[in-house]
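# Summary of the model geometry
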Amino acid sequence: MGQDTRFSRAQRDLLDLMDTTVWMPRTADDPPVGAASGSEGGPSSATAERPPARDLAAGRRRQDDSRASNSTPPVAAAPPELEALRTRVAACTACALHSGRRQTVFGVGNPRADWMFVGEGPGEEEDRRGEPFVGRAGKLLDAMLRAMNLDRNTVYIANIVKCRPPNNRNPGLDEAAACIPYLKRQIELIAPRLIVALGAVAAQRLLETDRPVGAMRGKLHYAAHLEPPVLVTYHPAYLLRSPGQKGKAWEDLQLAMREMDALQEAGGA
Ligand code: URA
Ligand code: SF4
């Protein structure tokens, strides 16, 4: 099967937008990314061929309108627990980051999403708007999502810390430790099938490790303290600085799509 039929026109346009050469789809008979790279996280469950182009935007498995289009995705009402958590976070002063914030940045998207994307923390624009990934890196994340037939209303996007670190520095270990219980509760309440950790801070704090992204990407990680498996890939801000790595990130996302297919088939999409 040719890749032209596996990817819609819109997807190919987006891949072009993201980076003409390196975001090309892999062929169906390529080995899965990471297939030969050990099995720290357990064997990959999705080694089958990628099926023909299909709508992977299954962001709302517990609803009848589960195959929402990208243009007007209905957003499910947030469960009261998630709204209560948002309110708690908005008043939080548990770490020093609270003093520099304009507002907390809780998360955005479908509270019943199959996919959760996790970044490190709000930047300037996010702090101003109260929404994650709305700056330059966010534009690239949006393009990555669209290339996967997803968007920010069908997935859920959140960060390790909910308040902006000054001068966009990385959140400290103490700050991440203070904030991550909120993210863990979001994960419990939303119950995504798969988490995509964007960049080192997200991957290391979620998986409680100090290994570099390059050593963790390309496979799923199963952490004892997290229900969903975690796929690690590069942060979009890093990809803006190092566009030569976009090909690897796209391989990671394709692996994530295959894994999601398998998870949805196993669990009932
Ligand atoms: N980078 C992140 O990690 N998170 C955001 O919300 C924005 C930029
Ligand atoms: Fe609270 Fe998290 Fe903000 Fe720290 S970063 S004040 S723990 S919400």
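Residues numbered from 1 in each chain as written. Chains lettered and ligands numbered in written order. Predicted model: local features only at pLDDT ≥ 70, side-chain atom pairs only at ≥ 80, totals over all residues. Heavy atoms only, no water.

## Points about the site of ligand 2
With respect to spatial proximity, the complete set of residues near ligand 2 consists of Cys92, Ala94, Cys95, Leu97, His98, Arg101, Lys162, Cys163, Ala178, Cys179 and Tyr182. Among the residues forming the shell around ligand 2, the class breakdown is eight nonpolar, one polar and two charged. (Near = heavy atom within 4 Å. Nonpolar A, V, L, I, M, F, W, Y, C, P; charged D, E, K, R; others polar.)

## Concerning the layout of surface pockets
In this structure, the largest pocket spans a volume of roughly 620 Å³. Lining the largest pocket are 30 residues, with Glu120, Gly121, Ala137, His235 and Ala237 positioned closest to its centre. Of all the elements in the fold, those that place two or more residues in the lining of the largest pocket are helix H4 (124–129), helix H5 (136–147), helix H7 (199–207), helix H8 (213–216) and helix H9 (236–241). At four residues, H9 tops the list of elements feeding residues into the lining of the largest pocket. Looking at the lining of the largest pocket residue by residue, the class counts come to 12 nonpolar, 11 polar and seven charged. What lines the second largest pocket is a set of 12 residues, and nearest its centre among them are Ile187, Pro192, Leu226, Glu227 and Pro228. (1 Å grid on protein atoms, 1.4 Å probe; cavity = no way out; pocket = protein on both sides within 12 Å on 5 of 7 lines; lining within 4 Å. Points joined across faces, edges and corners; volume = space filled by probe spheres on them. Helix = DSSP H or I, 4+ residues; strand = E, 2+ residues; numbered from the N terminus.)

## Re the confidence of the model for the chain
Reading fine detail from the predicted coordinates is not recommended where pLDDT is low. Residues at a pLDDT of 70 or more form 72% of the chain, whose mean pLDDT is 82. Scored below 50 in pLDDT, residues 1–5 makes seven contacts in the model with residues more than four places away or belonging to other chains. Below pLDDT 50 for its whole length, residues 20–72 participates in 128 contacts with residues either more than four positions away or in separate chains. (pLDDT = per-residue confidence, 0-100. Contact = heavy atoms within 4.5 Å.)

## Brief notes about empty space enclosed by the protein
Under the criterion given, the structure shown has one cavity of 30 Å³ or more. Computed from the structure, the largest cavity encloses a volume of approximately 100 Å³. As for the largest cavity, its lining consists of 14 residues, and the residues nearest its centre are Cys92, Ala94, Cys95, Cys163 and Cys179. Of the residues in the lining of the largest cavity, the class split is 10 nonpolar, two polar and two charged.

## Comments concerning the sheet that holds strand E5 (residues 220–221)
The strand order across the open sheet formed by six strands is E1-E3-E2-E4-E6-E5, and the pairing between neighbours is mixed. On the outer flanks of this sheet lie strand E1 (108–109) and E5, each paired with one strand and no other. Pairing geometry for E5 and strand E6 (residues 230–233), over two bridges, is antiparallel. If you follow Leu220 over to E6, its bridge partner there is Leu231. (Pairing = 2+ DSSP bridges.)

## Quick word on the pattern of salt bridges
Applying the stated criterion to the full structure yields 15 salt bridges. Salt-bridge contacts for Arg128 lead to Glu124; the nearest nitrogen and oxygen are separated by 3.1 Å. Of this pair, Arg128 and Glu124 both sit in helix H4, separated by four residues, roughly a single helical turn. For Arg128, a relative accessible area of 42% translates into the label partly exposed. Between Glu125 and Arg128 there is a salt bridge, with its nearest N and O atoms 3.6 Å apart. One end of the pair, Glu125, and the other, Arg128, are both in helix H4, three residues apart, so they sit about a helical turn from each other. A relative accessible area of 27% places Glu125 in the partly exposed class. By sharing partners, the salt bridges in this structure join Arg102, Glu124, Glu125, Asp127, Arg128, Arg129 and Arg164 into a single network. (Salt bridge = Lys/Arg side-chain N within 4 Å of Asp/Glu carboxyl O. Buried < 20%, exposed > 50% of the residue type's maximum accessible area, 1.4 Å probe, protein only.)

## Topic: helix H3 (residues 80–90)
Buried residues of H3: Leu82, Leu85 and Val89, and no others. Seen along its axis, H3 keeps its buried residues to an arc of 60°; they face one direction. Opposite the buried face of H3, by more than 90 degrees, sit the exposed residues Pro80, Thr87 and Arg88. Against strand E3 (156–159) and helix H6 (173–190) lie the buried residues of H3. (Arc of directions from axis to C-beta.)

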